Structures are given as C-alpha cells and as structure tokens.
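Close look at the chain arrangement
The chain contents come next:
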Amino acid sequence: MMTSFLSRRSLIASLLASTALPSVAFAQAAAPQPIISDWPRRQPVFATGGMVASQEALATRIGAEVLEQGGNAVDAAVAVAFALAVTLPRAGNIGGGGFMIVHRADHGQTKAIDFRETAPASMKKDVYLNEKGEADLNRSQNTGLGVGIPGTVAGMALALEKYGSGKYTLARLLSPAIQLAADGFLVGDDLAFSLKQAETRLRRFEASARIFLTADGAALPRGANLQQVDLARSLSAIAADGPKAFYEGPIAEKMVASVNAAGGNWTLADLKNYRAVERDVVKGAYRGHEIVSMPPPSSGGVHLIQILNILEGFDLKAAGQNSADSIHLFAEASKLAYADRSEYLGDPDFVQVPVRGLTSKKYAETLRAQIDPAKARPGPTIKPGKPQPFESDQTTHFSVIDKDGNAVACTYTLNFSYGVGMVADGTGILMNNELDDFAAKPGVPNAYGLVGGDANAPGAGKRPLSSMSPTIVFKDGKPFLVTGSPGGSRIITTVLQVLMNVIDHGMNVAEATEAVRVHHQWLPDELRVERGLSADTIRLLRARGHKVEIRQAMGSTQSILLTKQGFEGASDLRQAGTLTAGVR
Ligand code: DON
C-alpha cells in the first residue's frame, strides 16, 4: 500500500527531516514582491507554478509536491485533506465533513461540493431536550447523539472523480497520509497545545487516550512521536477499496458500535446511504469583483454576500481600515445578517432558503437604510428582516491553486477541537460533534452562541447549518482571491475582513491576514475585537453604544491572491505550524 508516489521521491523522509524540497519555494525563501502596498509590514509567499496554503506544514508540502509532479489543484487538495486528517487531528478528519469550492479553469465553471455530515435516520426534533423540555447541550456536544454521519471520504472521492486531473488515483493521494499515520511524526507546538486543551475530553474514551495521551493520561508533549496505526489501517482500506471501505464493512461497523456505545443511535444504513452532493455556488458582486462562495447548508456564502451588499453603499476606503467608523458599519451590517441567519437558514433539502432574496442588492438597500452611522443599534431590538419572497423552487481551511488557474477552497471540520473527543474503537478515526450546529431549541444558543429556529431544527437525514465559507473571488472572470477560515460563527466575518482588507484597503494578502479582526453576530450583543485595536478606536466604538469585548484571536485564514506576476499566499500566524508553499 505504501505506493510508488512516496517511495520514488522519499517524500516522507524529507518531510520528517524538515528539509525543503528543492523544487518548492517556501515562505522563508520567497522573494518579497510588494505588489499592492507600497510599504507592507508583512510579505506574502510568492510563486508562479502553483500554491498551497494550509494550517499544517507537512500537509502543505504534500499538496505542493502533488502540484509539482503535475497534479491539478483538486488532486493536491485531496492529498492535503487526507494528510491533515493525520497531522492536524483536531480539525483535519475523515470522521467529519465540510465544503469545497472548485474552479476548473478549462470549463470556466465553479461548483460547490457539500460533504457536510447528516443526522442519522433516527434523529428526532426534540433529541436535545431533557424531560423538562429544556435544551441539554451536553447531549449534542459530548455524546454519540451529537455525531453526524461523516462526509469527508465521500466528498474527496467525488471531488477527485469529477474534477481531478485523472493522473492520480485516490490510493496514490492517500499514500503520504498513510505513511505519516503509520510511522508517526513529531508533535509540534500547535499539536501539543491543542492536545493539552482537549486532554479531559479525550481521556473519556479509551481508544482516544491510547493514541493521543501518554500512559499516565497526559496529553502527548511537544517532541513526542504521534503514531496512528489504526488510522493508517483505515486509510489503507480506503486506498484499496475506495469509499465503500469506509461506509460499509468493518470500519462502518466499528463506527456504529462506538457511536452507539456513547449514546448515539446510528445504523449501518445511515453510513451506506450517505452521499456527498454537488451544489450550485452562491454568487454576488462587490465593487467590481465577483464573489463565489458556499450555498446552504452553509450560511457562509449567503451572509458574506449579504454583508458586502450592505457595505457597498458606504465608502469604507475613505472610512479607513479598522477605524471606528468602518468597524461600526461592519458590526451593524453583521448584526442584521446574523439575525436573518437565525430565521431563514437551514438544509436546503428540507427547508426553502430565500438565497436570492437574502443576497439581492435591493434587500441590502432596505437593510442599509436601518443603519445609523453614529449609533449602535441594540441587538435585541433587531428582528430578522423580510427578504424577497422565497424563490420557487476547530475546523480548518486550505486553499490550492495550480499553474493553469484551477482553484480549490476547502473548509472541513470535526466541529469542536477533536470533535466529540472519541476515536471509534479500532479505526483510529476521531468522530465529530457536528450536530451541535442544529438549533437544539428555538432561541437557545449553540456552542458558538448562535441561535436558530425551525429552519435549523434537528431532523432525520438533515444537515445542520454551518458558517463555513470557502470562497473564491473573481476579477475579470479569473480567480483573484482564494480564501477561507475556521472559527465557528466568526468564520463569516473573518473571511469578510480578508476580502475587505484586500479589495477596499489595498493590503497585500499577508497584511490582510495579519490585520486585527473584529466580530459581531447580533446575539450575544457584543462587539468582539482582537488585541491590537487602539484604545482610541475602542473608546469611539463604546461612545457609539457598542459593548466592546477584547477576546482571543479569531480564525486561521489560508489565502492565495492572484496578481499579474504570479501567486501571493499567506497562512495565518494566529496559529503555530501553518505554511504556504509555492511551486516554481
Ligand atoms: O460548521 C460550522 O459552522 C462549525 N461546525 C464550524 C466549527 C469551527 O469552525 C470550529 N473552529 N474553530
């Protein structure tokens, strides 16, 4: 199973020795190319032959190697996704799900692949209510009842089959991940930190503890070797027999047994019936750019476009990046959009989502008119709006582009860091707790403080509403910016700020990434800001009535910008171990 792909180039050996592959230009070696800003404080990585930006360096290098060998962006993305399932176990996964936006340069087509988890057939609307009818979030966050039927394996297989170059089999793209899982790799700062934080959750499950904790039950420390032999075996089975090996047979049986032992209610049919689906992207326009992003069951694309539509009527450039004026407008626009999210968004296979209404310029005008440039509107006074009638009818992101201009933006997740904390016994596969993204009860906030109602109520076979926003911005019909981020409810505003920093404020992609982030999601009624915003700005915002809270860093964007000269990429420095790699 350890295929020619690896043995030919001894890829893993060079990866583990941390030596840069000769043909790949990495961040440290990249020549600074100040394309947009005159005097940037941070330089992006520059390359002309393709680029991968991901949250974990080994996975990035594996993707860059695929590009370098002539694979296209989708081939590379599939290899990155499987590698992250091994090297970034808190979010990379095969036991979770997500979304991918794929642009094929030859067809000029952009499509969305939805590999979001589904609720099992047994799911009832009141599953997360206790005997008193109150929401019991322990059920969705910490037990088998929160685990959705995973979509990643089906999603990657679908992406490869439809949009891969045809030069790579699934098995070949799995091989670096298999080898990393079998041999193990060095636990670095980021992994050690995340394991420490998740230690108690992981300790609850023997199968998780065996892999991620030491014999005395402590998180594996920095410098340890993380070996995942069972995971290597599961990945090898998928390499040999395709997705069927995951959705049927021994692996499926083991997942069902573990989830049900933890209080879930899965059957083998739930896994066998899982399908990744292709959907039409949502599109919008912002100051001469076309915004292409994820449709429902993610709320990401819809609200990204809705907020941009509202903001297009204000001169943000003149207001200045991260000035009190522009943060105020951004917060007010975000509140209105998040209020609509709570009412209208859900799985489009079950509820009618007014996508066109919510993303229309006309509706944005009515919302814009409600914004007072001088005063914050208290969240509780805002109610969901009335878009045009219904038309008839710890997460991680990576971005990839190849030399031909094919592009992939992919965000996928287990929901919490390490999901529900449970490895399905004997598989090495960490299971998600994605079903916490349902609205357990109307008006009761989920783990990200998001509220919702009937549109996002739990239901058999339903996909819970997401905020994940893999996005490709086009200019003159060609990809201009490929981006996305983790961060729960903060994903939408994080991605928006990267877009505005580039489009409105002319920052290069590294500066756009580094800039201090802010966030408002209507409820709770607070304006979250990262450290680094000036005291003056905070004072001005408070004077307008905002409840400003300085909180932890938000998001981990992985972005690639296309310039006339080539690709410029930036991996967020908010988390350790990220890497953007360019191909010459
Ligand atoms: O789909 C969603 O919106 C959430 N499950 C994403 C979770 C997330 O981003 C956690 N990472 N920081």
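Residues numbered from 1 in each chain as written. Predicted model: local features only at pLDDT ≥ 70, side-chain atom pairs only at ≥ 80, totals over all residues. Heavy atoms only, no water.

Remarks on the sheet that holds strand S17 (residues 518–519)
Strands sit in the order S17-S18-S19 across an open sheet of three strands; the sheet is mixed. Every other strand in the sheet has two partners, leaving S17 and strand S19 (548–550) as the edge strands with one partner each. Bridge analysis of strand S18 (residues 527–529) against S19 gives three bridges, and the strand direction is parallel. For Val529, the partnering residue across the bridge sits in S19 and is Ile550. (Pairing = 2+ DSSP bridges. Helix = DSSP H or I, 4+ residues; strand = E, 2+ residues; numbered from the N terminus.)

Looking at the packing of aromatic side chains
For the coordinates displayed, the defined rule picks out four aromatic pairs. Between Phe246 and Tyr247, the aromatic rings sit 4.8 Å apart at their centres with planes inclined by 75°, giving edge-to-face as the arrangement. Given the relative accessible area of 6%, Tyr247 is considered buried. Here the aromatic rings of Tyr247 and Tyr274 are separated by 5.8 Å at their centres, their planes lie at 5°, and the arrangement is stacked. A residue pair is termed long-range when its members are at least 10 positions apart, and Tyr247 in helix H11 (residues 244–247) and Tyr274 in the loop between helix H13 (268–272) and strand S8 (277–280) qualify at 27 residues. Just as Tyr247 is buried, Tyr274 falls in that class too. Members of the aromatic cluster, connected to one another through ring pairs, are Phe246, Tyr247 and Tyr274. When the ring centre of Phe480 is taken as origin, the NZ or CZ atom of Lys475, which lies over that ring, is 4.9 Å away. (Phe/Tyr/Trp six-rings, centres within 6.5 Å; stacked < 30°, edge-to-face > 60°. Buried < 20%, exposed > 50% of the residue type's maximum accessible area, 1.4 Å probe, protein only. Lys NZ or Arg CZ within 6 Å of the ring centre and 35° of its normal.)

Considering helix H4 (residues 73–87)
For H4, with 15 residues, the first-to-last C-alpha span of 20 Å sits near the 21 Å given by 1.5 Å per residue. Counting buried positions over the 15 residues of H4 gives 15, a clear majority of the element. N-cap assignment for H4: the residue whose side-chain oxygen lies 3.0 Å from the backbone N of Val74 is Asn72. (Expected span 1.5 Å × (residues − 1). Polar contact = N/O pair within 3.5 Å; in protein donor to acceptor, adjacent residues only side chain to side chain.)

With respect to unusual backbone geometry
With an omega dihedral of 15°, the bond running from Pro296 to Pro297 counts as a cis peptide bond. For Pro297, the location among the structural elements is in the loop between strand S10 (289–293) and helix H14 (300–311). Residue Pro524 is reached from Leu523 by a cis peptide bond, and omega for that bond is 0°. Note on placement: Pro524 falls in the loop between S17 and S18.

Here's the deal with the pattern of salt bridges
According to the stated counting rule, one finds 31 salt bridges in the structure shown. In this structure, Glu278 and Lys162 form a salt bridge, with 2.8 Å as the shortest nitrogen-oxygen distance. Linking Glu278 in strand S8 with Lys162 in helix H6 (residues 152–163), this pair joins segments that are 116 residues apart in sequence. Residue classification places Glu278 among the partly exposed positions, given a relative accessible area of 27%. With relative accessibility at 43%, the residue Lys162 sits in the partly exposed group. We note a salt bridge from Arg539 to Asp536, for which the minimum N-O separation is 3.3 Å. Of this pair, Arg539 and Asp536 both sit in helix H21 (residues 535–543), separated by three residues, roughly a single helical turn. Among the residues examined, Arg539 registers a relative accessible area of 54% and is labelled exposed. Sharing partners across several salt bridges, the network here consists of Asp114, Arg279, Asp349 and Arg463. (Salt bridge = Lys/Arg side-chain N within 4 Å of Asp/Glu carboxyl O.)

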